[in-house]
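Chain by chain, the residues run as shown.
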Amino acid sequence: MDKVIEELWACAATLSGIADTLAKMAELEEASPTLEEVRAVLAKLSVEGHSAAVKSLIAKYGAAKLSELAPEHYVALLKEAEKIGA
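Treat the numbers as computed from the prediction; the structure is a model and nothing was measured.

Colleague: Lay out the nonpolar core with the relevant residues and their values.
Modeller: Generally speaking, soluble globular proteins have nonpolar side chains that are buried together. Counting residues in hydrophobic clusters, the biggest one holds 14 residues, and the most contacted among them are V38, L42, I58, L66, L69 and L77. Listing elements by their share of this core, those giving two or more residues are α2 (35–60) and α3 (74–85). At six residues, α2 tops the list of elements feeding residues into this core. Look past the residues within four positions of L77 in its chain and what remains in contact with it is V38, L42, L57, I58, Y61 and L69.

Take a look at the structure:
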């Protein structure tokens, strides 16, 4: 019986770890900006006269234009874009 109880505790710990990982993944998905949101921020910067800096920022992440930018770079790009307008 002790062996069964140990196995159940081990299963519970494993399930708890999986639940924590899934919760973190869900938070990241919710926090990820959309292409449209990124486009709006960069368009505002361009209108304010920072077009060259915006183009350079997009190129820094390996894209020739915003629509080619991989979504996993959106958060980092927006953080850097905040510095352009400051």
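Here the narrative resumes.
Colleague: Account for the pattern of salt bridges, with residues named and values stated.
Modeller: Where side chains of opposite charge bring their charged atoms close, a pairing between them can arise. Scanning the model with the defined rule gives three salt bridges in all. The salt bridge involving E48 is made with K44; its shortest N-O contact spans 3.0 Å. Taken as a pair, E48 and K44 lie in helix α2 at a separation of four residues, close to a single helical turn. With relative accessibility at 43%, the residue E48 sits in the partly exposed group. K44 gets classed as exposed once you look at its relative accessible area, which sits at 53%. Of the charged contacts, one joins K60 and E80 as a salt bridge, the two residues approaching to 2.8 Å between their closest N and O atoms. Linking K60 in helix α2 with E80 in helix α3, this pair joins segments that are 20 residues apart in sequence.

What counts and what doesn't
- Counting restarts for each chain, with residues numbered from 1 along the sequence as it is written.
- Local features in this predicted model are restricted to residues of pLDDT 70 or higher, and side-chain atom pairs are both shown and tallied only at a pLDDT of 80 or more, whereas totals for entire chains, interfaces and linings draw on every residue.
- Values reported for side chains reflect all heavy atoms of the structure, with hydrogen atoms and water molecules removed beforehand.
- Residues belong to a common nonpolar core when they are buried Ala, Val, Leu, Ile, Met, Phe, Trp, Tyr or Cys residues joined through side-chain atoms within 4.5 Å.
- Buried means the residue's accessible area, taken with a 1.4 Å probe over protein chains only, is under 20% of the maximum for its type, while exposed means over 50%, and partly exposed covers the values in between.
- Strands here are runs of E lasting at least two residues and helices are runs of H or I lasting at least four, both read from the DSSP assignment and numbered beginning at the N terminus.
- Contacts are assigned to residue pairs that have any heavy atoms within 4.5 Å of one another.
- Every case where a carboxyl oxygen of Asp or Glu lies within 4 Å of a side-chain nitrogen of Lys or Arg is listed as a salt bridge.

Everything listed is a geometric property; what it means functionally is a separate question.
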